[in-house]
Amino acid sequence: MLKKTKKTALLLKLVSMALLIVMIQSLLTLPAMAAATTLGAAAAQSGRYFGTAISNGKLGDSAYTTIAAREFNMVTPENELKIDATEPQQNVFSFTAGDSILNWATSHGLKMRGHTLAWHSQQPGWMQSLTGTALRNAMINHIQKVMAHYVGKLAAWDVVNEAYADDGTQNRRQSNLQATGNDWIEVAFRTADAVEPGVRLCYNDYNIENWSAAKTQGVYNMVKDFKARGVPIDCVGFQTHFTGGSSLPSNFQTTLSSFAALGVDVALTEVDVTQANTTQYAGLTQACMNVARCIGITVWGVRDSDSWRASEAPLLFDGSGNKKAAYTSVLNVLNSVGGTPQPTNTLQPTNTSTQPVGPTLTRTPTQVVTTGPTATRTSTPTTGPSATPVPTTVGGGGCSPVTATITAPFTKDGAGTFCWQIATIPSYVNNWNNNSVTINGTNYTNIYVGSASLPAKINGFYYISYNGSFAWSHLEVR
Ligand code: XIL
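Residues numbered from 1 in each chain as written. Predicted model: local features only at pLDDT ≥ 70, side-chain atom pairs only at ≥ 80, totals over all residues. Heavy atoms only, no water.

Peer 1: Help me get a handle on the packing of aromatic side chains, residues and values and all.
Peer 2: Per the counting criterion, the structure on display carries 13 aromatic pairs. Ring centres of Phe93 and Phe95 lie 6.1 Å apart, and the angle between their planes is 10°; on these two criteria the pair is classed as stacked. Residue classification places Phe93 among the partly exposed positions, given a relative accessible area of 22%. With centroids separated by 6.5 Å and ring planes inclined at 80°, the aromatic side chains of Trp211 and Phe259 adopt a geometry described as edge-to-face. On the criterion of sequence distance, the pair formed by Trp211 in the loop between β5 (200-205) and α9 (214-229) and Phe259 in helix α10 (residues 252-260) is long-range, its members being 48 residues apart. Note on Trp211: relative accessible area 23%, which makes it partly exposed. Site record: aromatic cluster; members linked through ring pairs are Trp211, Tyr220, Phe238, Phe242, Phe252 and Phe259. (Phe/Tyr/Trp six-rings, centres within 6.5 Å; stacked < 30°, edge-to-face > 60°. Buried < 20%, exposed > 50% of the residue type's maximum accessible area, 1.4 Å probe, protein only. Helix = DSSP H or I, 4+ residues; strand = E, 2+ residues; numbered from the N terminus.)

This is the structure:
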């Protein structure tokens, strides 16, 4: 009897041990979450992007383009959209190189950030010699015309770059633009917003990663003030050039989350790190991943040999295109985050203080909300036939600057026809050769009042310009 009980106990023990082994085995053989194998795919798991600076001159280098197309899902032209590149002579624009990068990016499924519209550096000679009102007007004209060319095509614009000083104060940098008046930055953002409200409008700077730095606080206070007063700003770019002198600060995440708390997206826009230090690369990636509104990371070049700091080997691929240790450290952080934190859909206006109030601005529950860093607004606060497009200033084209207000009605009639009327046209506008209205690229000449069949919407908007591509206004017609 005793023997039998002992036997049963032993049997029971054996069975439970076997069961345990089976359970452990099945746990071990559970299919693991597949880790992404490229930077872009790994970042996309959490709705973010991973980008690189691209040089148009290198698009013929297949080793370069192979890595770029495989690893990244965002590009920033390294120099091709800077002021000296896009407006080499005053009011003469050149988009060939920028368009070439955009075409390459689009055909490979990558998005593009625009860099940069207003900056003290890389200005063409003609702009460097301007001052005062002439310079201010040139800046406005530049923003209008360059943005108009890329309406509906970019994920973001660095509207203003590097406007703060490096002298341990919170002050602005001295520059010809700053000398036009302290409001030059907000004028730049308001101008940009009037051209394309649906694209992310960013302020971009370096050495603003350390929360304790006076420069960081200067930029922070500007953004805070802009949000409080309704100056249209959607994001802040942290260049993240870490050199021997400025390495990854331990409070970088605090900086990112503090800016995000103001109601803007944040992004790391030009990352490179001396000798591609793996700890710093992992740390800066983690800092971004820990902040929901950190929408993506861009490194400032593909291979070390492509870098503006080539002698410091600061990028993720060596000159032969091999993945460096820093690459793996970044990829691991991106994969460890996986699909958990989804950045909020930041293109939906979140700061109600900047939104005019009223029943027409209420977003209906059925509205489609697009998510992720590449999302574009799907509706605009102005709706319906009674909407008044933003008044725009037109000028240039070899004529004396004039103002014309594009007014309502921009209406859609019952037959699916789009009707418009242009008012407040100074008489001498008739001297212009081509009095025209352009709706999403379709041009209608010599008409102040007219109608046309509806062309296709771009990002939910009709973009309307008067007398050229630089007086954009927009509205949504439902
Ligand atoms: C650099 C480019 O990488 C170089 O090719 C060019 O000669 C100078 O500009 N901050 C910026 C970038 O915003 O535009 C700069 O890019 C690097 C510093």
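Peer 1: Could you give an account of the site of the ligand, naming the residues involved and the relevant values?
Peer 2: Around the ligand, a shell composed of 13 residues is seen, among which Glu78, Lys82, His115, Glu162 and Glu270 lie nearest. Residue Glu78 places a side-chain N or O atom 2.4 Å away from an oxygen atom belonging to the ligand. Taking 410 Å² as the accessible area of the ligand by itself, protein coverage stands at 78%. A breakdown of the residues in the shell around the ligand according to their chemical character gives three nonpolar, six polar and four charged. (Near = heavy atom within 4 Å. Polar contact = N/O pair within 3.5 Å; in protein donor to acceptor, adjacent residues only side chain to side chain. Areas by Shrake-Rupley, 256 points an atom, 1.4 Å probe, with all protein chains shown as cover. Nonpolar A, V, L, I, M, F, W, Y, C, P; charged D, E, K, R; others polar.)

Peer 1: Describe in detail helix α7 (residues 132-149), supporting the description with residues and values.
Peer 2: With 18 residues, α7 extends 26 Å from end C-alpha to end C-alpha; this agrees with the ideal 26 Å at 1.5 Å per step. Taken as a whole, α7 has its buried residues at Leu135, Arg136, Ala138, Met139, Asn141, His142, Ile143, Gln144, Lys145, Val146, Met147 and Ala148. (Expected span 1.5 Å × (residues − 1).)

Peer 1: Would you mind going over the pairing of strand β6 (residues 235-238) in detail, with residue names and values included?
Peer 2: Residue alternation in β6 divides its side chains into two sets, Cys235 and Gly237 and Val236 and Phe238, and both sets are buried. The pairing of β5 with β6 spans four bridges and is parallel. Each bridged residue has a counterpart across the sheet, and for Asn204 the counterpart in β6 is Gly237. (Pairing = 2+ DSSP bridges.)

Peer 1: Before we move on, can you summarise the packing of helix α8 (residues 184-195) against α9 with the specific residues and values?
Peer 2: Interhelical geometry of α8 versus α9 gives an angle of 50° and a closest axis separation of 12 Å. In terms of their interaxial angle, α8 and α9 are classed as oblique. Judged by the twist between their axes, the crossing of α8 over α9 is right-handed. Here Ile185, Glu186, Phe189 and Arg190 of α8 come into contact with α9, specifically with Met222, Phe226 and Arg229. (Axes fitted to C-alpha atoms, helices over the stretch in contact; angles between N-to-C directions. Parallel < 35°, antiparallel > 145°, perpendicular 65-115°, else oblique. Left-handed = near helix turned anticlockwise from the far one by under 90°. Contact = heavy atoms within 4.5 Å.)

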